[in-house]
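Geometric and topological summary
If you want the building blocks of each chain, they are given just below.
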Amino acid sequence: MPVPVAPHRWPLLGHTPAMLARRAKFTDALHEHGDVVRLDLGPLHAHFVTSPALTHEVLVSQGSKFRKGAMFDKFQPYLGSGLLLSNGEHHLRQRRMMQPAFHRERIEAYASTMARAAAALAARWEPGEIRVIENDMQELAVTVVGETLFSAEIGRHAVEEVRRSVFTIIQQGMIRALTPTFVEKLPLPGNREFDAAIARMKSVVLQVIESWRADATDHGDVLSMILLAEDDGARMTDTQAYDEVLTLLTAGIETTAIALAWALYEVAINQDVERRLHAELDEVLGGRPPTYADLKSLPYTTSIVQETLRKYPIWFVMRRTLTDVQLGDATLPPGAEVIISPHALHHDERTFPNPALFNPDRWTPAFTSSLPRGAYVPFGGGTRQCLGNTFAQTELIITLATIATRWRLIPTRQARVKFTSAPYPTGLLMKAVPR
């Protein structure tokens, strides 16, 4: 059965103009045309999967038949073979070795760093001060990831380099992923900034790795667990460890910062949500900072985080078939590009009624247990599910609780949304008011 072709296709350019013009509105509506819809992105033919059931097929039940797709190929030269980009046996081996760094007892220890960093940020705010919230959350995310990754003394220099370089790497890296390869060879300012940032980051991370190997002590940080991990008696090489560190930095900072900014924004503009959040925090915490042990006692705070991850997930990810794959009525040959959109899935009114509404109350135990597999995928799924998903959710809950215990935020300008791979808030200005 032929795969239906999405509307608004241009000669030569395909659906790229429609995607650039309408962004998520275009991809969110594709389910109206079928469970698998063909998209032509210039000369690249792709298959857009719109149903939760087939999304689960791609990510989980038939996940071994897929590898990372075309967009990720552009990241390989500078992100190396970390978990985000690796495939096959190498990916499974690295995942086994990385897993202990994110076990429950480690997350509990990292939570104290999260709470301390969030409290330090909140302590710097002044009553009535206007804050650029997305900038504050980026700074906080760098601090949390940097300090949990590098806790030894020499790691402080690495954290400072992360502050200096990581956003250049993320932003210019995304530009490289979306532009022809020859552009990255041109002597453009962005290319020079990116190359310099990568060189600095690599130098400082390798210095930290070398320093750690000199004493081989578990400092309680993520890097220690990476370097202590063994698979069949073998440990990671310096290059493998560097690739994993850079992957954690680029994948774990901006996505968390974006979610935190949107969570604070939604609390600020929804008075009932704010009132109920404050009531729960007052009852459970009584004005003190949250701890890891408090998380189970903060169900409404957790629901706010779940709803933020539903409403503001990444736009889309790509996979490539390794063999013939049957997805519903569509038969895909080896090498076919497949697109999955968490944003489209999370805004499908068949699963999430009134999806534009920010509604933490939808996350009842009954609703959660009734969700179709593949309908809610903020961290992906299967063997490629984000290894740091529990880390990220813990950071989101603790940060939201820490800030909301001390401050109310009043928007002074409507947030604007910018899409690249995620819905970024821009110009999110808020006045900090003591509670």
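Data block above holds the structure.
**Details of the sheet that holds strand E4 (residues 130-132)**
Within a sheet, neighbouring strands are paired by backbone hydrogen bonds and run either parallel or antiparallel to one another. Read across the sheet, three strands follow the order E4-E12-E9 without closing on themselves; strand pairing throughout is antiparallel. Because the sheet does not close on itself, it has two edges, and the strands there are E4 and strand E9 (407-411). Neighbour-to-neighbour, the strand axes of the sheet open up by a mean angle of 40°, direction not taken into account. When E4 meets strand E12 (residues 429-434), the two strands line up antiparallel, connected through three bridges. Bridging across to E12, arginine 131 finds its partner in methionine 430. Where helix H18 (residues 389-406) meets the sheet, it contacts E9 and E12, and its direction lies at approximately 90° from that of E9.

**With respect to empty space enclosed by the protein**
This structure, assessed with the given rule, holds five cavities of 30 Å³ or more. By volume, the second largest cavity amounts to about 80 Å³. Going through the elements one at a time, helix H13 (254-269), helix H14 (271-285), H18 and E9 are the ones with two or more residues in the lining of the second largest cavity.

**Some remarks on helix H8 (residues 133-149)**
The terminal C-alpha atoms of H8 lie 24 Å apart, and with 17 residues this matches the ideal 24 Å at 1.5 Å per residue to within 8%. Counting buried positions over the 17 residues of H8 gives 14, a clear majority of the element.

**Let's talk about the packing of aromatic side chains**
We describe a pair of aromatic rings using the distance from one ring centre to the other and the angle between the two ring planes. Taken as a whole and judged by the stated rule, the model has 10 aromatic pairs. Here the aromatic rings of tryptophan 262 and tyrosine 265 are separated by 5.6 Å at their centres, their planes lie at 70°, and the arrangement is edge-to-face. With tryptophan 262 and tyrosine 265 both in helix H13 and three residues apart, this pair spans about one turn of that helix. Ring geometry for tryptophan 262 and tyrosine 312: centres 4.2 Å apart, planes at 5°, overall stacked. Of this pair, tryptophan 262 sits in helix H13 while tyrosine 312 sits in the loop between helix H15 (299-311) and strand E5 (317-321), placing them 50 residues apart in sequence. Comparing tryptophan 262 with tyrosine 312 shows no difference in burial state: the two are buried. What links up through ring pairs into an aromatic cluster is the set Phe352, Trp363, Phe367 and Tyr376.

**Some points on the sheet that holds E5**
Judged by pairing direction, the sheet is mixed, and its five strands sit side by side in the order E1-E2-E8-E5-E3 without closing on themselves. Only two strands of the sheet have a single partner each, and these edge strands are strand E1 (36-41) and strand E3 (66-68). Geometrically, the sheet is characterised by an average inter-axis angle of 35° between neighbouring strands, direction not taken into account.

**Things to note about helix H7 (residues 104-124)**
With 21 residues, H7 ought to run about 30 Å at 1.5 Å a step, and its terminal C-alpha atoms sit 31 Å apart, in line with that. Listed as buried for H7 are Arg106, Ile107, Tyr110, Ala111, Thr113, Met114, Ala115, Ala117, Ala118, Leu121 and Ala122. Where H7 is buried, its residues meet H8, helix H11 (222-228), H18 and E9.

**Examining a nonpolar patch on the surface**
There is a patch of nonpolar side chains on the surface, built from Trp10, Leu12 and Leu13 and spanning about 380 Å² of accessible area. Looking at the element boundaries, tryptophan 10 is found in the segment before helix H1 (16-22). According to the relative accessible area criterion, tryptophan 10 is partly exposed, its value standing at 47%.

**Details of the pattern of salt bridges**
The tally for this structure, following the rule as stated, stands at 26 salt bridges. Residue glutamate 147 is joined to arginine 116 by a salt bridge in which the shortest nitrogen-to-oxygen separation is 3.6 Å. Of the two residues, glutamate 147 sits in helix H8 while arginine 116 sits in helix H7, which places them 31 residues apart along the sequence. Judged by its relative accessible area of 31%, glutamate 147 falls in the partly exposed class. For arginine 276, the salt bridge identified is with aspartate 361, shortest N-O distance 2.8 Å. One end of the pair, arginine 276, is in helix H14; the other, aspartate 361, is in the loop between helix H16 (342-346) and helix H17 (365-370), with 85 residues separating them in the sequence. Relative accessible area serves as the criterion here: at 28%, arginine 276 is assigned to the partly exposed category. In this structure aspartate 361 comes out as partly exposed when scored by relative accessible area, which is 38%. Among the charged side chains, a network of salt bridges with common partners joins Asp272, Arg275, Arg276 and Asp361.

Procedures and definitions
- Residues numbered from 1 in each chain as written.
- Predicted model: local features only at pLDDT ≥ 70, side-chain atom pairs only at ≥ 80, totals over all residues.
- Heavy atoms only, no water.
- Pairing = 2+ DSSP bridges.
- Helix = DSSP H or I, 4+ residues; strand = E, 2+ residues; numbered from the N terminus.
- Axes fitted to C-alpha atoms, helices over the stretch in contact; angles between N-to-C directions.
- Contact = heavy atoms within 4.5 Å.
- 1 Å grid on protein atoms, 1.4 Å probe; cavity = no way out; pocket = protein on both sides within 12 Å on 5 of 7 lines; lining within 4 Å.
- Points joined across faces, edges and corners; volume = space filled by probe spheres on them.
- Expected span 1.5 Å × (residues − 1).
- Buried < 20%, exposed > 50% of the residue type's maximum accessible area, 1.4 Å probe, protein only.
- Phe/Tyr/Trp six-rings, centres within 6.5 Å; stacked < 30°, edge-to-face > 60°.
- Patch = residues over 30% accessible without salt bridge, like charges linked within 9 Å, V, L, I, M, F, W, Y side chains within 5 Å.
- Areas by Shrake-Rupley, 256 points an atom, 1.4 Å probe, with all protein chains shown as cover.
- Salt bridge = Lys/Arg side-chain N within 4 Å of Asp/Glu carboxyl O.

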